[in-house]
Amino acid sequence: MLLKHRVFYPLMVVLLVFSLTACDFFKPIEPEVVEPLPPEAIPSLHKAYEGYFNIGVAVNAGTMNTHNDLIEKHFSSITAENEMKPDHILRYISGNELVLDFTRGDRIVNYALQNGKKVRGHVLVWHSQTPDWFFKDENDQLLSQEKIQERMAEYITKVVTHYKGKIDAWDVVNEAITDSNDPDHIYRHKDYDKKNGSLWNEIFAGSEIDYIAAAFRAAHEADPEAKLYYNDYNAVAPEKREKIMKMIRQLKDEDVPIHGIGIQAHWLFNWPSAGDIEDAIVEYSKMGLDVQITELDIRIDGDMEKKITLSRKDKERQADRYKEVFEIFIKHSDKISSVTFWGITDDNSWISQEPLIFDRNKNPKPAFWAILDALGK
Ligand code: G3I
């Protein structure tokens, strides 16, 4: 009887307490409800960065309307994500004359200027998003170097003249350099860049520098005030950086008007290293180039086809990475004139891995706050 009191009743108490807590323990986890902050509690990113560099964003015909609240508040510079590329502007060729359509580009440029934003013009000469017919004659044969150079000059002159005085920086030539690690290969080529060859480089094989130089000269002649950039991805990877610098050195030796380098910055949580980013900014700047970060987004996985939803922990790692790269940009802000994000909210990025600083509900992510933290104010 005594044993029953000593063992049974305390055991009952323990069981009762356990069952009460277990009820709570096994309750389904409610999704985390984050109360959105009122807009006045969120500082403007571009104002916070005043005195350092412009904060830009790539917009398109859709987001320009749906996301105008974020664009107008947080960004001081705008790039058209697609609408000013050759395949959007080039319509057809009539006789020997190019027929162009600026409707979509104009909408974005006018929107930017009406809202007091600078505009990056993207892009004049690129192997991608340029119709095949542009490179060919009426018999479907590739044009000679002389003929394509004439056509290119006509295109650049018409486009840059149309936007004269409205564009702060032009990406004149985009992605002309190869990803091959072979030091003998400088320019993109179908044999060593797989599917990503370039008809530009195919026509000019061995003398690629000619069309690149001619492109910068034509752009400068049409708008002497616009700053002219060479823009590329992997531009901080040491092997590719060396090749880009070799090309730019040659352009400068020939007095070609090139003013800056666009580092696209489609980066990963763990690539490229902080050291490579910093070295590239310093090295490009030493060549007398202005540095612009032109297409920033930071994803978790190297395979950009993968669709990934970030966990809370992943978002914190992403925030740390954004903070790391912005601390480098701040340290070298005397060399950098603008930092542009490639998209606004995660759901309108070209990459389905939530690589941006606003979520699909337009709320700032941890990365947004980390970029403000980087200022240490
Ligand atoms: O406009 C058509 C639409 O009519 C059609 O229904 C739809 C079906 O897929 O396609 C739409 O076109 C897509 C276009 O984006 C507009 O959304 C193209 O297929 C698609 O290929 C195109 O992708 C763009 C990509 O460049 C093409 O090269 C991305 O939006 C754009 O973000 C991306 O930007 C490039 C930079 O210019 C240069 N650096 C790399 C960067 C990322 O690839």
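Please refer to the structure higher up on the page.
The following paragraphs examine the structure supplied in this document. Quantities reported herein were computed from a predicted structural model and do not represent experimental measurements.

## Concerning the site of the ligand
Working step 1: The environment of the ligand is made up of 14 residues, and the closest members are Glu-81, Lys-85, His-122, Glu-295 and Trp-342.
Working step 2: Within the contact set of the ligand, an oxygen atom lies 2.7 Å away from a side-chain nitrogen or oxygen of His-122.
Working step 3: Between the ligand and Trp-342, the relevant distance is 2.9 Å, taken from an oxygen atom to a side-chain nitrogen or oxygen of the residue.
Working step 4: Considering only residue class, the shell around the ligand consists of three nonpolar, seven polar and four charged.

## Things to note about the pairing of strand E2 (residues 77-80)
Working step 1: Burial of E2 is two-sided: the residues Ser-77 and Thr-79 facing one way and the residues Ile-78 and Ala-80 facing the other way are all buried.
Working step 2: As paired elements, strand E1 (residues 54-59) and E2 share four bridges and run parallel to each other. When the sheet's bridge partners are listed, Val-57 is paired in E2 with Ile-78.
Working step 3: As judged from the three bridges shared by E2 and strand E5 (residues 118-126), these two strands associate in the parallel manner. Bridge pairing links Thr-79 to Arg-120 in E5.

## Focus: the environment of Trp-350
Working step 1: Assignment of secondary structure puts Trp-350 in the loop between strand E11 (336-341) and helix H13 (366-373).
Working step 2: Overall, the relative accessible area of 40% leaves Trp-350 in the partly exposed class.
Working step 3: The spacing of Trp-350 and Asp-297 is 53 residues in sequence and 9.8 Å in space, taken between C-alpha atoms.
Working step 4: Setting aside anything within four residues of it in sequence, one finds Trp-350 in contact with Glu-81, His-266, Asp-297, Met-304 and Trp-342.
Working step 5: Reaching out from Trp-350, the side chain makes a polar contact with the side chain of Asp-297 at a distance of 2.9 Å.

## Quick notes on the packing of aromatic side chains
Here the distance between the centres and the angle between the planes together describe a pair of aromatic rings.
Working step 1: On inspection of all chains with the given rule, the structure shows 21 aromatic pairs.
Working step 2: Geometrically, the ring pair formed by Tyr-49 and Phe-326 is edge-to-face, given 5.6 Å between the ring centres and 65° between the ring planes. One end of the pair, Tyr-49, is in the loop between helix H2 (45-48) and E1; the other, Phe-326, is in helix H12 (residues 312-331), and 277 residues separate them in sequence. The pair formed by Tyr-49 and Phe-326 is uniform in burial state, with each residue classed as buried.
Working step 3: Among the aromatic residues, ring-to-ring pairing joins Tyr-49, Tyr-52, Phe-53, Phe-75, Trp-267, Tyr-322, Phe-326, Phe-329 and Phe-341 into one connected group.
Working step 4: The ring of Tyr-229 has Arg-120 sitting right over it, with the charged end atom 5.5 Å from the ring centre.
Working step 5: The ring of Tyr-233 carries the charged tip of Lys-240 above its face, separated from the ring centre by 3.8 Å.

Conventions we followed
- Within each chain, residues carry numbers counting from 1 in the order of the written sequence.
- Residue-level local features of this predicted model are given only where pLDDT is at least 70; pairs of side-chain atoms are given and counted only at 80 or more, and the full residue set underlies all totals for whole chains, interfaces and linings.
- To get the side-chain values, all heavy atoms of the structure are used, and hydrogens and water are removed first.
- Nearness is judged by heavy atoms alone; a residue qualifies as near a molecule or strand once a single heavy atom is within 4 Å of it.
- Polar contacts, as used here, are pairs of N or O atoms within 3.5 Å; protein pairs need one atom able to donate a hydrogen and one able to accept it. Residues neighboring in sequence count only if both atoms are side-chain atoms.
- As a working rule, the residues Ala, Val, Leu, Ile, Met, Phe, Trp, Tyr, Cys and Pro are called nonpolar, Asp, Glu, Lys and Arg charged, and the rest polar, with Gly in that last group.
- The classification of residues rests on relative accessible area computed with a 1.4 Å probe and restricted to protein chains. Under 20% of the type maximum is buried, over 50% is exposed, and intermediate values are partly exposed.
- Helix numbering and strand numbering both begin at the N terminus, where a helix is a DSSP run of H or I of at least 4 residues and a strand a DSSP run of E of at least 2.
- Two strands qualify as a pair provided DSSP detects at least 2 bridges between them.
- Contact criterion: two residues are considered in contact whenever any of their non-hydrogen atoms come within 4.5 Å of each other.
- We call Phe, Tyr and Trp rings a pair once their centres come within 6.5 Å, taking the six-membered ring for Trp, and we label the pair stacked below 30 degrees between planes, edge-to-face above 60, and tilted otherwise.
- Two thresholds decide whether a charge sits over a ring: the Lys NZ or Arg CZ must be within 6 Å of the ring centre and within 35 degrees of the ring normal.

Everything listed here is a matter of coordinates, which is why it stays silent on function.
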